[in-house]
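# Structural description and commentary
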Amino acid sequence: MPLTREQIAMRIAQEVYDGYYVNLGIGIPTLVANYIPADIQVMLQSENGLLGMGPYPTEAEIDPDLINAGKETITAIKGAAFFSSADSFAMIRGGHVDLTVLGAFEVDQHGNIASWMIPGKMIKGMGGAMDLVAGAKNIVVAMAHANKDKQSKLLKQCTLPLTGVNCIRRVVTDYAVLDIYDGAFHLLERAPGVTVEEIIEITEGELHVPDHVPEMKF
Amino acid sequence: MPLTREQIAMRIAQEVYDGYYVNLGIGIPTLVANYIPADIQVMLQSENGLLGMGPYPTEAEIDPDLINAGKETITAIKGAAFFSSADSFAMIRGGHVDLTVLGAFEVDQHGNIASWMIPGKMIKGMGGAMDLVAGAKNIVVAMAHANKDKQSKLLKQCTLPLTGVNCIRRVVTDYAVLDIYDGAFHLLERAPGVTVEEIIEITEGELHVPDHVPEMKF
Amino acid sequence: MTGLNKVVNTYEEALAGFTNNMTVMIGGFGLCGIPEGLIRLIHELGYSGLTCISNNAGVDGFGLGLWMEKRQIKTMISSYVGENALFEKLSISGELEAILTPQGTLAEKIRAGGAGIPAFYTATGYGTPVGENKEVREFDGRKYILEKALTADFSLIKAWKADTYGNLIYRETAMNFNPMMATASNITVVEVEEIVEPGELDPNFIHTPGIYVDRIIKGTFEKRIERRMTRKEDK
Amino acid sequence: MTGLNKVVNTYEEALAGFTNNMTVMIGGFGLCGIPEGLIRLIHELGYSGLTCISNNAGVDGFGLGLWMEKRQIKTMISSYVGENALFEKLSISGELEAILTPQGTLAEKIRAGGAGIPAFYTATGYGTPVGENKEVREFDGRKYILEKALTADFSLIKAWKADTYGNLIYRETAMNFNPMMATASNITVVEVEEIVEPGELDPNFIHTPGIYVDRIIKGTFEKRIERRMTRKEDK
């Protein structure tokens, strides 16, 4: 069975280590916060100017001056820090964030990512995504492996306008965990019950498959 | 009579207007603070990270964490702000300081200034002087018009390594107040009792002298 | 307004000299930390042909969404405009020019404008549509693009508290783009929640020194929330 | 050291991994805001061949003057070294390489190193010895030179207070180069006057967020004054 959104988030939470500073994008990446093991300590960065993001506020805690990058009301943990957008992106672009998790429309076997624009459709803008992919030491992309018509989103070459080039190393989809290097996808794990053949079928980009592909563990 | 150091500072204090933010260099420029009229309000910037420099401390007020750019113990006025060296020079280099007063070994008729190095003699470094002359909207140089042997320091072309090019507009010496533009010095005022002929004699650079050259007023 | 006192009493005074066709920076991230009253008056007075530098474009009916409705904006330099349906419509019809800029590049371009840095290199946007027609240069084996500084005629920003000299502090994530914008315009106008006397703000913790501020107006703020999210009370 | 707690108990732990021939940034302006204990231990342990990035070079017998005496420094990148007579002697004899850098350019190069900006243009130093062999470029009719970012293996900095997560605040002009240096090295070690628990420092007024800090050591400081100037008591 392909993973649910929550399961993708659960699997990505395994990429988070004790002491990490992590930036979680909007959508599935936001859910990752719910699955970080209780026995490790991490700091969440919100690119609008907060290091040390906490959970959503209670009704009584709501504060219009305190929002996350998705413009949602939020809280700050003890030991948090607020700063300007310039300082926030100096932090991101300077490579100080240990892990960035973000969504994508497409990735390709060269590590390119397209996540911000579908020409002819809506004009929204890239927000901080281009800075995040250019600056992060370590990026995990959370995305659907294919669209509803089983057309792959893991491509030989992205077709949509790029967010960044040659910057993605790890992808977690509803079907698999893959690394990207040497111009190819490398299959690491498969979703429980999903076969290697199914993954091959919905992966357009070059895919290296080792002899043994373990199931993800949760 | 040529001006004393204190009189040069007194004359320069007349260039300071109400509401100004001012950076005063080491030496004669520091003395300018003593002659700012009591009926105007100015903020002194110290490039090591202080806006709102006050007088020297009393014995009881001495604080090793609070020094000026000359490494002297100092105080901060009410309404002061401390900031980093990067923020301090962003302020200076971004043209936000209204007036900078600094010393010089030489200036020339093109507005070049040499103030930081005498080859073969001491190696000290330029500190913030190059940033100040490149960034200030408005610079007044306080300097001796000539050396002890009556050799001019207001030259056709600076002979020492430059601090900045084409950046000096006004010079106050022990003999005169001069502006620099169109490739020449322009005599504006003379020290009380000093003749135009004396000034011509000790000015090597091209000097424009108007029909009437008033004495400085204090 | 004599000496270092920058307090003005009306929004009209705060915006003296503002004209059509100016370039203006507006602080805020979404609706958080925006100068509500200054935005409102420019809407009322109907200035048009504006080039706006702001991370977002407000929402329909609030913030810069008001200027959009009245077709006051000619060009919008932003990183994300997804909350504004009218923006999309005007942009597609060509009534509005949109210059989409990565958020970090936007912040850095504004900081550079205030800091006397005319241009800098960044990896952000290399190889993407943002990098088109920009100089590419390699440093230590990595490719970067050249980005130029931004400056403006007016900056309209929002702070939490000001002293009368214009020293500012911001609160929480309402800081965002406000500190850089304070440095990058000919005239910086700040709308604040509270004005205090010099000496009341701790000099160790001033976010924006008064040298950057030209006018201070005490505002009143609705502080509209875009996405009200809550959790249940903790047990 | 687990989780986000970065406190170490000895200077030796604080400097673990430090070796000869490293590049090291040292905070401070003159003797104000320098990490005295970290400087002392490196002097005692005698590491040599160091490339030092520091605005000043200490004075004879204190601060980086100690390293100078023991010939530990190969290259010194500074803006002003006038207080150190030995510096001059070693520099003239060629035992020490001095790279004199304008103070604002030095600060900006370090900030750029921490912020992922490989290079930027500045007017400072154009047409002077500092601009020699550097690219010159014109923007809007004015000439600028290209300056490159600085980074280092270690940053040794001094702060007033840290919480155990490494959030830092500085005091008065002891801030100076410390905040930028905190961002620009592989390993940032901070020597502080006081360590507090997370939550004790106001999150609105953190000068250096903990993400930049690797190790925190509580130091003791002599805080030697270079130029003791006083006025008479006010009447």
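Before reading on, note that the structure itself is shown above.
The residue numbers shown here count from 1 along each chain, following its written sequence. Going through the entries in the order they are written, you letter the chains from A and number the ligands from 1. With pLDDT at 70 or above as the cut-off, local features in this predicted model cover only qualifying residues; side-chain atom pairs require 80 or more to be listed or tallied, and sums for whole chains, interfaces and linings still use all residues. As a rule here, side-chain values come from all non-hydrogen atoms in the structure, and water together with hydrogens is ignored.

## Re the side chain of Glu106 of chain B
We apply this condition: Elements are defined by DSSP. Helices are runs of H or I of four residues or more, strands are runs of E of two residues or more, and each kind is numbered from the N terminus. Contact criterion: two residues are considered in contact whenever any of their non-hydrogen atoms come within 4.5 Å of each other.
You can see Glu106 of chain B is positioned in strand E6 (residues 106–108). When residues no more than four places from it in sequence are discounted, the contact partners of Glu106 of chain B are Asn112, Ile113, Ala114, Met143, Lys153, Leu155, Cys158, Thr159 and Leu160 of chain B.

## Description of helix H2 (residues 36–45) of chain C
This is how the line gets drawn: The rule is simple: take the accessible area with a 1.4 Å probe, protein chains only, and divide by the maximum for that residue type; under 20% is buried, over 50% is exposed, in between is partly exposed.
Judged by how many residues are buried, H2 of chain C sits mostly within the fold: seven of ten residues are covered. Just beyond H2 of chain C, the residue with positive phi is Gly46 of chain C, at close to 75°.

## Observations regarding the interface of chain A and chain C
Let me state the cut-off plainly: A 1.4 Å probe defines the accessible area here, and the buried area is the portion of it lost by two parts on being joined, summed over both. A side-chain nitrogen of Lys or Arg and a carboxyl oxygen of Asp or Glu constitute a salt bridge if their distance falls within 4 Å.
Contacts between the two partners involve 48 residues from chain A, matched on the other side by 52 residues from chain C. For the chain A and chain C pair, buried surface summed over both sides reaches about 4,200 Å², with 60% attributable to carbon and sulfur atoms. When the area that chain A buries against chain C is broken down by residue, the three leading residues are Asp65, Lys71 and Ile123 of chain A, summing to 19%. Counting across the interface, chain A meets chain C through five salt bridges.

## Observations concerning the sheet that holds strand E11 (residues 176–181) of chain B
All names here are of chain B. Condition: For two strands to be treated as a pair, DSSP must find no fewer than two bridges joining them. As a rule, the C-alpha atoms of each element are fitted with a line to give its axis, helices using only the stretch in contact, and angles between N-to-C directions run from 0 to 180 degrees.
Strand order in the open sheet formed by ten strands is E4-E3-E2-E1-E5-E8-E10-E11-E12-E13, and the pairing between neighbours is mixed. Single-partner strands in this sheet number two, and they are strand E4 (76–82) and strand E13 (207–208). Pairing analysis gives three bridges linking strand E1 (residues 21–24) to strand E2 (residues 43–46), with the strands arranged parallel. In the sheet register, Val22 faces E2, and the bridge partner there is Leu44. Lying on the sheet, helix H3 (residues 85–93) is in contact with E1, E2 and strand E3 (50–53); it crosses E2 at an angle near 120°.

## With respect to the interface of chain D and chain A
Rule in force here: For this analysis, a polar contact is any N or O atom pair within 3.5 Å, provided that within protein one partner can donate a hydrogen and the other can accept it, and provided that sequence-adjacent residues contribute only side-chain to side-chain pairs. Note on residue classes: Ala, Val, Leu, Ile, Met, Phe, Trp, Tyr, Cys and Pro are nonpolar, Asp, Glu, Lys and Arg are charged, and everything else, Gly too, is polar.
With 22 residues of chain D at the contact, the number on the chain A side is 21 residues. Counting the surface lost from both chain D and chain A, the interface buries some 1,700 Å², and carbon and sulfur atoms represent 59% of this. When the buried surface of chain D facing chain A is broken down by residue, Leu4, Pro203 and Ile211 of chain D rank first, second and third, together holding 34% of it. Inspection of the region where chain D meets chain A yields zero salt bridges. Where chain D touches chain A, the interface holds ten residue pairs in polar contact (both at pLDDT 80 or more). Per element, the largest residue contribution to the side of chain D that touches chain A is three residues, and it comes from helix H5 (residues 103–115) of chain D. Class assignment for the residues of the side of chain D that touches chain A results in nine nonpolar, ten polar and three charged.

## Regarding the packing of H3 of chain B against helix H5 (residues 103–115) of chain C
Where H3 of chain B contacts H5 of chain C, the axes come no closer than 7 Å and their chain directions differ by 65°. Seen from H3 of chain B, the contacting residues are Ala86, Ala90 and Arg93 of chain B; seen from H5 of chain C, they are Arg111, Gly114 and Ala115 of chain C. Its residues placed into classes, the contact of H3 of chain B with H5 of chain C shows three nonpolar, one polar and two charged.

## Focus: the pattern of salt bridges
A full pass over the atoms with the stated rule returns 46 salt bridges over all chains. Residues Asp63 of chain A and Arg171 of chain C are paired through a salt bridge, measuring 2.9 Å at the closest nitrogen-oxygen approach. Of this pair, Asp63 of chain A sits in the loop between strand E3 (50–53) and strand E4 (76–82) while Arg171 of chain C sits in the loop between strand E9 (168–169) and helix H6 (178–183), which puts the two residues in different chains. A salt bridge links Glu108 of chain D to Arg111 of chain C; the nearest nitrogen and oxygen atoms lie 2.9 Å apart. Of the two residues, Glu108 of chain D is situated in helix H5 and Arg111 of chain C in helix H5; the pairing between them involves two chains.

## Describing the pairing of strand E8 (residues 152–163) of chain C
Residue and element names in this part refer to chain C. Of all twelve residues in E8, nine are buried; the element is thus mostly enclosed. By the bridge criterion, three bridges tie strand E1 (residues 23–26) to E8 in an arrangement that is parallel. The residue bridging Met25 from the neighbouring strand is Ser155, located in E8. Both E8 and strand E10 (residues 185–196) contribute to a ladder of ten bridges, which runs parallel. Of the residues in E10, the one forming a bridge with Ala162 is Ile195. Looking at chain direction, E8 and E9 are connected through two bridges and run antiparallel. Residue pairing for E9: Ala162 is matched across the bridge by Leu168. Hairpin connection of E8 to E9: four residues between the antiparallel strands, including Gly166 at a positive phi of 95°.

## Description of the environment of Ala191 of chain B
Residue and element names in this part refer to chain B. Structurally, Ala191 is set in the loop between strand E12 (184–190) and helix H5 (196–201). Since its relative accessible area comes to 0%, Ala191 is described here as buried. For the pair Ala191 and Thr203, spaced twelve residues apart in sequence, the C-alpha to C-alpha distance is 14 Å. Residues in contact with Ala191, not counting those within four places in the same chain, are Met1, Leu3, Asp174, Tyr175, Ala176, Glu215 and Met216.

## Here's the deal with the packing of aromatic side chains
Stated precisely, the cut-off is as follows: Only the six-membered ring of Trp is used, alongside the rings of Phe and Tyr, when aromatic pairs are assigned; centres must lie within 6.5 Å, and planes under 30 degrees apart are stacked while those over 60 apart are edge-to-face, with the rest tilted. Note on criteria: charge over ring means Lys NZ or Arg CZ within 6 Å of the ring centre, with the direction from the centre no more than 35 degrees off the ring normal.
Applying the stated criterion across every chain, the model contains twelve aromatic pairs over all chains. Aromatic pair Tyr17 of chain A and Tyr20 of chain A: ring centres 5.6 Å apart, planes at 70°, arrangement edge-to-face. Here the aromatic residues Tyr121, Phe139 and Tyr144 of chain C together with Tyr121, Phe139 and Tyr144 of chain D are joined through ring pairs into a cluster of three or more. Over the ring of Phe62 of chain C we find Arg224 of chain C, and its NZ or CZ is 4.1 Å from the ring centre.

## A word on the nonpolar core
Selection rule: Put simply, a nonpolar core is a bunch of buried Ala, Val, Leu, Ile, Met, Phe, Trp, Tyr and Cys residues held in one set by side-chain atoms that sit within 4.5 Å of each other.
Residues Ile110 of chain C together with Ile110 of chain D are the most contacted members of the largest nonpolar core, which totals 86 residues. Sequence-distant contacts of Ile110 of chain D, defined by excluding residues within four places in its chain, comprise Met25, Ile53, Leu150, Phe177, Met180, Met181, Thr183 and Ala184 of chain D.

## Observations concerning the environment of Lys156 of chain B
Residue and element names in this part refer to chain B. Within the secondary structure, Lys156 is located in the loop between strand E9 (154–155) and strand E10 (170–173). With relative accessibility at 44%, the residue Lys156 sits in the partly exposed group. Lys156 sits 23 residues away from Val133 along the chain, and the two C-alpha atoms are 19 Å apart. For Lys156, the residues in contact, after removing those within four places along its chain, are Asp108, Gln109, His110, Glu204, Gly205 and Glu206.

## Here's the deal with the state of the cysteines
All names here are of chain B. Here is the rule we go by: Throughout, a disulfide means two cysteine sulfur atoms within 2.5 Å of one another.
Per the counting criterion, the structure on display carries zero disulfides over all chains. The thiol sulfur of Cys158 is not disulfide-bonded, and the nearest other cysteine sulfur, from Cys167, lies at 9.3 Å. What makes Cys158 buried here is its relative accessible area of 12%.

As far as function goes, none of this settles anything; it's purely spatial.
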